[in-house]
Amino acid sequence: VEHFTNTSCSVCAANNPGFMNIIGQSANTLHISFHPSSPYINDVFNQQNRVENDARTNHYGIFGATPRLVVNGQVIQNSTLSTVLANAAGSNSAFGLRLSTEMLAAGSFQLRVVLTKVAADTQSTARLFLGLVEDTIQQLTNNGEAVHYHVFRKAVSDITGNAVNLPLAVGDSVVLTYPLLFAVSQPLQRWFVMALLQHNNKAVLQAARSTNLGSVALGLPTAEVRALVVYPNPLQNGQLYFSQAASDLQLFDALGRLVAQRAQLQ
């Protein structure tokens, strides 16, 4: 759900709690809020990044009124949110999307995006939108709202998404990496990355979010007894062994192609 709202909009203040309640009750639904400068130019979050908030709103041709809702890339009537989410809940996608982040140094992260083809599909290109999002902001604003959820802060990709080539064979993957740079003093406990993989007609193929950046450890984690160890390396006789049970394994080759997948490893 892409949620277009405004902190000086009284109608938004009246409707947003209901929207968030519906979204919260819809399993596996991701939410991001944008703050355009129209109909009220003094929106506090818009003033911090007017160009990109307005550009994302114009991407869907809905600049000028709030609140507005876009679900899976399609503009909907606000009153139909519950029904639209219920109808979308049974849909399948031909593509998987996974995000992970690694802290390289204070204020420096690397974002890794893995696109995997999991079912037959003829599409070869799409657009990938990546946005930095702040999870929950406690701030009293002009319209009386005191809590603001999943606030878009800055685009990692182009604001309308970057063109990407999709994997062509089922089981293959495409791996993309992006640098994320912040001021060393920037608190990141509530920040995460949201990804939307979209058709060129804006319909969403898949969506995902990363864990919060503040929870990402620097570099590789220290080895512990509980750490999963895979051996031998290099492989000797075609058999791999694991130091403990694992619920899921995905094995990729050097080109990012999924070559094996197993569940409930002993």
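Note that the coordinates shown come from a computational prediction; the quantities given were computed from them, not determined experimentally. (Residues numbered from 1 in each chain as written. Predicted model: local features only at pLDDT ≥ 70, side-chain atom pairs only at ≥ 80, totals over all residues. Heavy atoms only, no water.)

### Regarding unusual backbone geometry
Then comes step 1: Following Ser-38, the chain continues to Pro-39 via a peptide bond in cis, the omega torsion being 15°.
Then comes step 2: Following Thr-66, the chain continues to Pro-67 via a peptide bond in cis, the omega torsion being -5°.
Then comes step 3: Phi at Asn-72 is positive, roughly 55°, even though this residue is not glycine.
Then comes step 4: In this structure, Asn-72 sits in the loop between β3 (68-71) and β4 (74-76).
Then comes step 5: Taking relative accessible area as the criterion, Asn-72 reaches 40% and is therefore assigned partly exposed.
Then comes step 6: You will see that Lys-202, though not glycine, has its phi angle at about 85°, which is positive. (Helix = DSSP H or I, 4+ residues; strand = E, 2+ residues; numbered from the N terminus. Buried < 20%, exposed > 50% of the residue type's maximum accessible area, 1.4 Å probe, protein only.)

### Looking at the packing of helix α1 (residues 10-25) against helix α3 (residues 81-88)
Then comes step 1: Closest axis-to-axis distance for the α1/α3 pair is 10 Å, and the angle between their directions is 15°. What the angle tells us is that α1 and α3 run roughly parallel. Classified by chirality, the crossing of α3 by α1 is right-handed. On the side of α1, the interface is formed by Phe-19, Ile-22 and Ile-23, while α3 contributes Leu-81, Ser-82 and Leu-85.
Then comes step 2: Residues of the contact of α1 with α3, tallied by class, amount to five nonpolar, one polar and no charged. (Axes fitted to C-alpha atoms, helices over the stretch in contact; angles between N-to-C directions. Parallel < 35°, antiparallel > 145°, perpendicular 65-115°, else oblique. Left-handed = near helix turned anticlockwise from the far one by under 90°. Contact = heavy atoms within 4.5 Å. Nonpolar A, V, L, I, M, F, W, Y, C, P; charged D, E, K, R; others polar.)

### Topic: the confidence of the model for the chain
Then comes step 1: For the chain, the average pLDDT comes to 89, and 91% of its residues sit at 70 or higher.
Then comes step 2: Within the model, pLDDT remains below 50 along residues 220-226, and this stretch shows three contacts once partners closer than five positions in the same chain are excluded. (pLDDT = per-residue confidence, 0-100.)

### A closer look at the side chain of Gln-198
Then comes step 1: Within the secondary structure, Gln-198 sits in strand β11 (residues 191-198).
Then comes step 2: At a separation of 3.1 Å, a polar atom in the side chain of Gln-198 contacts the side chain of Arg-56.
Then comes step 3: One polar contact links the side chain of Gln-198 to the main-chain carbonyl oxygen of Lys-202, over a distance of 2.7 Å.
Then comes step 4: Leave out the neighbours within four places in its chain, and Gln-198 touches Glu-2, Arg-56, Tyr-60, Gly-73, Ala-126, Arg-127, Phe-129, Ala-203, Val-204 and Leu-205. (Polar contact = N/O pair within 3.5 Å; in protein donor to acceptor, adjacent residues only side chain to side chain.)

### Looking at the sheet that holds strand β6 (residues 108-117)
Each strand in a sheet pairs with another by means of backbone hydrogen bonds, the pair being arranged parallel or else antiparallel.
Then comes step 1: Taking strand neighbours across the sheet as the criterion, the three strands line up as β5-β6-β10 in an open arrangement whose pairing is antiparallel. This sheet does not close on itself; its edge strands, each paired only once, are β5 (95-105) and β10 (173-181). Within the sheet, the average angular offset between the axes of one strand and its neighbour, ignoring direction, is 20°.
Then comes step 2: With 10 bridges joining them, β5 and β6 adopt antiparallel strand pairing. Bridged to Glu-102 within β6 is Gln-110. (Pairing = 2+ DSSP bridges.)

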